[in-house]
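Coordinates in review
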Amino acid sequence: MAYVINDDCVACGTCIDECPVGAISAGDKYSINPDECTECGTCASVCPNEAIHLGE
Ligand code: SF4
Ligand code: SF4
């Protein structure tokens, strides 16, 4: 399991520098590498658009 960024992402860039393991990649919509995410939840707490949630 890993955190996932949904279509509410507005590519603001806030989350990418907060990830301690560098699992977030930039793009039109940002994305999280599930093999690197440690589920710390930091990115979800800083996203101003609530676009990041724990995947199922
Ligand atoms: S939950 Fe933590 S490890 Fe996973 S992408 Fe977000 S900041 Fe990175
Ligand atoms: S903080 Fe939220 S809106 Fe901003 S780039 Fe990350 S996922 Fe997208």
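Residues numbered from 1 in each chain as written. Chains lettered and ligands numbered in written order. Predicted model: local features only at pLDDT ≥ 70, side-chain atom pairs only at ≥ 80, totals over all residues. Heavy atoms only, no water.

Thoughts on the environment of Val 46
Structurally, Val 46 is set in helix H1 (residues 42–46). Given a relative accessible area of 26%, Val 46 falls into the partly exposed group. Residues Val 46 and Thr 14, 32 residues apart in the sequence, show an inter-C-alpha distance of 7.0 Å. Aside from chain neighbours lying at most four places away, what touches Val 46 is Thr 14, Cys 15 and Glu 18. (Helix = DSSP H or I, 4+ residues; strand = E, 2+ residues; numbered from the N terminus. Buried < 20%, exposed > 50% of the residue type's maximum accessible area, 1.4 Å probe, protein only. Contact = heavy atoms within 4.5 Å.)

Points about the nonpolar core
In this structure, Ile 5, Ile 24, Ile 32, Cys 43 and Ile 52 are the most contacted members of the largest nonpolar core, which totals 15 residues. Setting aside its immediate chain neighbours within four residues, Ile 32 contacts Tyr 3, Val 4, Ile 5, Ala 23, Ile 24, Cys 37, Cys 43 and Ile 52. (Core = buried A, V, L, I, M, F, W, Y, C linked by side-chain atoms within 4.5 Å.)

Here we look at the site of ligand 2
Within the structure, ligand 2 sits among Ile 5, Cys 9, Val 10, Ala 11, Cys 12, Gly 13, Thr 14, Cys 15, Tyr 30, Cys 47, Pro 48 and Ile 52. Of the residues contributing to the shell around ligand 2, the split by class is 10 nonpolar, 2 polar and no charged. (Near = heavy atom within 4 Å. Nonpolar A, V, L, I, M, F, W, Y, C, P; charged D, E, K, R; others polar.)

Overview of unusual backbone geometry
For Ala 11, which is not glycine, the phi dihedral falls at a positive 55°. Checked against the element boundaries, Ala 11 lands in the loop between strand S1 (3–5) and strand S2 (24–25). One non-glycine residue, Glu 39, adopts positive backbone phi at about 60°. Its location among the elements puts Glu 39 in the loop between strand S3 (31–32) and H1. Judged by its relative accessible area of 37%, Glu 39 falls in the partly exposed class.

Description of the site of ligand 1
Cys 19, Cys 37, Cys 40, Gly 41 and Cys 43 are the nearest of the 13 residues found near ligand 1. Grouping the constituent residues of the shell around ligand 1 by class yields 9 nonpolar, 3 polar and 1 charged.

As for the environment of Cys 43
Relative to the assigned elements, Cys 43 resides in helix H1. Separated by 24 residues in sequence, Cys 43 and Cys 19 have C-alpha atoms that sit 6.2 Å apart. Setting aside anything within four residues of it in sequence, one finds Cys 43 in contact with Tyr 3, Cys 15, Ile 24, Ile 32 and Ile 52.

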